[in-house]
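# Summary of the model geometry
Chain residues, written in single-letter form:
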Amino acid sequence: MTQQWKLFADLAELAGEREVTVDTAPGETVGDALDALLAANPDLETRVRDDDGTLRPEINVLRNGADVASEDGLGTELEADDELALFPPVSGG
Amino acid sequence: MQVLGVLDCGGGGETVERVVDRLVDAFAERGRVGVVRYDATIADGTSVVRDPGLTPGGDVTYDLGADGDWVACGTGFSIEDAVDALARDDCAYAVVVGHRTGQYPTVTVGADVPEGTDVVATVETPADLDLESLVDRVDEHEPHVTLETLVERVKRADDADRAGAIATFTGRVRARDSDDDTPTEYLEFEKYDGVADEKLAALREALEARDGVYAVELHHRTGVVRDGEDIVFVVVLAGHRAEAFRTVEDGINRLKAEVPIFKKEVTIDDEFWVHDRP
């Protein structure tokens, strides 16, 4: 399966691109797709996870427009062609 | 309202007029169309349509006819003022002819294009215009929205006859927080396309579901917004002032907390993402 990550604000600048495609296997989770993204873009690692490898609380992860916190967090199982998004705190207005 | 520029880039005045003609006809199939012509030879508030023997008799003159037809001339009016006036006049499209600012997506007639122009199409003749696809692309651009446009829109709501209050919030670019603050040149907003619009729609629906609230409009610009310009509008039509004020405040607070829009600030000597600063 392939998943598309969309990156925003300083995360896109750190990665050097706004969209990153990663390959995952059936049954894998959002957390697995995040591992794949960070493996391919190591500059993002410390911005997104702390020293224990825990997702920093200010970082948002969305799957198909919905915050994964409203599902099973990083344990949310992926479906084919999900659109995943990673971004810092929103700052409109 | 969507805005399109048309620029003579070597094609000649008559060809430009025929191109504008075709564009206006195409836009008119989808909505009311306004045209702004920039002509540096207009001077002293006099218009070519008036009898040159007459003086306007004021700094601004409206000649009114039957059925609301009108002709006007005057002084002290900018392209931005004219485009704002068309938006207020409920135009769905504005065509700005002959102004070389590069701030609107532009059709160039001829290929001698000034640097910095945001070109959507370059044509040599009117027949070169692929109108359907061009109008579709113009529709995808950031719309020109003013506070007044939104106020007029809520006044047309179904229950407007029960609404005694309109409250509005305008967020604008603040150049500085204190005297010794480095001035902000501009902000640049990035939006999560699709998802930001879904969140705005959901927020609007939640606010409109409140008792005594009859219509809500929310608009946030994206791209570069310069010092002193407006960024975001919240407009609420409500039965009474208490619901109107409360809903406007909650609306802007929730928009800032929930909608995936990101702000980069560019000052005269630095640039940074706003969420990275305390």
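Please read all numbers here as calculations on a predicted model, not as lab measurements.

### Concerning the overall build of chain B
On a plain count of helices and strands, chain B comes out with six helices and 14 strands. Dimensions of chain B along its principal axes, counting C-alpha atoms only, are 55 × 50 × 45 Å. Counting across all 278 residues of chain B, residues that qualify as buried make up 40%. A fraction of 68% describes how many contacts in chain B between residues 6 or more apart in sequence connect residues 24 or more apart. Total accessible area computed for chain B in this model is approximately 15400 Å², and 44% of it derives from carbon and sulfur atoms. Averaging the positions of the 29 positive and the 60 negative side-chain charges in chain B gives two centres separated by 5 Å.

### A few points about the sheet that holds strand β3 (residues 60–63) of chain A
Residues and elements named next belong to chain A. On the basis of which strands lie adjacent, the open sheet formed by five strands has the order β2-β1-β5-β3-β4 and mixed pairing. At either end of the open sheet lies a strand with only one pairing partner, and these are β2 (19–23) and β4 (66–67). As defined by bridge partners, β3 adjoins strand β5 (residues 83–87) across four bridges and the pair is classed as antiparallel. Across the sheet, leucine 62 pairs through a bridge with alanine 85, a residue of β5. Sheet strands in contact with helix α2 (residues 30–40) are β1 (2–7), β2, β3 and β5, and its direction is about 70° off that of β1.

### Digging into the layout of surface pockets
Residue and element names in this part refer to chain B. In this structure, the second largest pocket encloses a volume near 940 Å³. Considering the residues around the second largest pocket, the lining is formed by 28 residues, among which Gln103, Glu142, Pro143, His144 and Arg221 are closest to the centre. Broken down by secondary-structure element, the contributors of at least two residues to the lining of the second largest pocket are β1 (2–8), α2 (79–88), β11 (223–226) and β12 (230–238). When residues of the lining of the second largest pocket are assigned to domains, at least three map to each of domain 1 (2–140) and domain 2 (147–276).

### Considerations on the packing of aromatic side chains
Within a pair of aromatic rings, the relevant descriptors are the distance that separates the centres and the angle that separates the planes. Residue and element names in this part refer to chain B. All told, the structure shown has seven aromatic pairs over all chains when counted by the stated rule. For the pair phenylalanine 27 and tyrosine 93, a centre-to-centre distance of 4.4 Å together with 15° between the ring planes defines the contact as stacked. Of this pair, phenylalanine 27 sits in helix α1 (residues 13–28) while tyrosine 93 sits in strand β5 (residues 93–97); the two residues are 66 residues apart in sequence, bridging distant segments of the chain. Residue classification places tyrosine 93 among the buried residues on the basis of a relative accessible area of 4%. Geometrically, the ring pair formed by tyrosine 62 and tryptophan 70 is edge-to-face, given 5.9 Å between the ring centres and 65° between the ring planes.

### Digging into the interface of chain B and chain A
It is common to give the size of an interface as the accessible area lost on bringing the parts into contact. In this complex, chain B contributes 21 residues to the contact, which on the side of chain A involves 19 residues. Together chain B and chain A conceal approximately 1600 Å² of surface at their shared face, both sides included; 56% is due to carbon and sulfur atoms. A per-residue breakdown of the area chain B buries against chain A is headed by B:Tyr192, B:Phe262 and B:His275, which together make up 39% of the total. The shortest N-O distance in the salt bridge between A:Arg18 and B:Glu190 comes to 2.7 Å. Between the two partners, chain B and chain A, sit 11 residue pairs in polar contact (both at pLDDT 80 or more).

### As for unusual backbone geometry
Positive phi is not limited to glycine here, since A:Asn64 has a value of about 50°. Position of A:Asn64 among the secondary structure elements: in the loop between β3 and β4. Not every positive phi belongs to a glycine, and B:Asp90 is a case in point at roughly 70°. Secondary-structure assignment places B:Asp90 in the loop between α2 and β5.

### Digging into the domain arrangement of chain B
Taken domain by domain, chain B holds domain 1 (2–140) and domain 2 (147–276). The gap between the C-alpha centroids of domain 1 of chain B and domain 2 of chain B is 29 Å.

### What to know about the pattern of salt bridges
Residue and element names in this part refer to chain B. A full pass over the atoms with the stated rule returns 26 salt bridges over all chains. With a shortest N-O distance of 2.9 Å, glutamate 17 and arginine 37 are connected by a salt bridge. A residue pair is termed long-range when its members are at least 10 positions apart, and glutamate 17 in helix α1 and arginine 37 in strand β2 (residues 33–37) qualify at 20 residues. Note on glutamate 17: relative accessible area 36%, which makes it partly exposed. Relative accessible area serves as the criterion here: at 48%, arginine 37 is assigned to the partly exposed category. A salt bridge links glutamate 217 to arginine 204; its shortest N-O distance comes to 3.3 Å.

### Topic: the packing of α1(B) against helix α3 (residues 131–140) of chain B
Residues and elements named next belong to chain B. Remark: α1 packs on α3, axes separated minimally by 10 Å, with the N-to-C direction vectors making an angle of 70°. One element, α1, and the other, α3, form an angle in the roughly perpendicular class. Considering the relative orientation of α1 and α3, their crossing is right-handed. Residues Arg22, Leu23, Ala26 and Phe27 of α1 lie in contact with α3, whose contacting residues are Leu131, Leu134, Val135 and Val138. Across the contact of α1 with α3, the residue classes tally to seven nonpolar, no polar and one charged.

Here is what the cut-offs are and how they apply
Residues numbered from 1 in each chain as written. Chains lettered and ligands numbered in written order. Predicted model: local features only at pLDDT ≥ 70, side-chain atom pairs only at ≥ 80, totals over all residues. Heavy atoms only, no water. Helix = DSSP H or I, 4+ residues; strand = E, 2+ residues; numbered from the N terminus. Buried < 20%, exposed > 50% of the residue type's maximum accessible area, 1.4 Å probe, protein only. Contact = heavy atoms within 4.5 Å. Areas by Shrake-Rupley, 256 points an atom, 1.4 Å probe, with all protein chains shown as cover. Lys, Arg positive; Asp, Glu negative; His and termini not counted. Charge placed at Lys NZ, Arg CZ, Asp CG, Glu CD. Pairing = 2+ DSSP bridges. Axes fitted to C-alpha atoms, helices over the stretch in contact; angles between N-to-C directions. 1 Å grid on protein atoms, 1.4 Å probe; cavity = no way out; pocket = protein on both sides within 12 Å on 5 of 7 lines; lining within 4 Å. Points joined across faces, edges and corners; volume = space filled by probe spheres on them. Domains from an automatic or database assignment. Phe/Tyr/Trp six-rings, centres within 6.5 Å; stacked < 30°, edge-to-face > 60°. Buried area = accessible area lost by both parts, 1.4 Å probe. Salt bridge = Lys/Arg side-chain N within 4 Å of Asp/Glu carboxyl O. Polar contact = N/O pair within 3.5 Å; in protein donor to acceptor, adjacent residues only side chain to side chain. Parallel < 35°, antiparallel > 145°, perpendicular 65-115°, else oblique. Left-handed = near helix turned anticlockwise from the far one by under 90°. Nonpolar A, V, L, I, M, F, W, Y, C, P; charged D, E, K, R; others polar.

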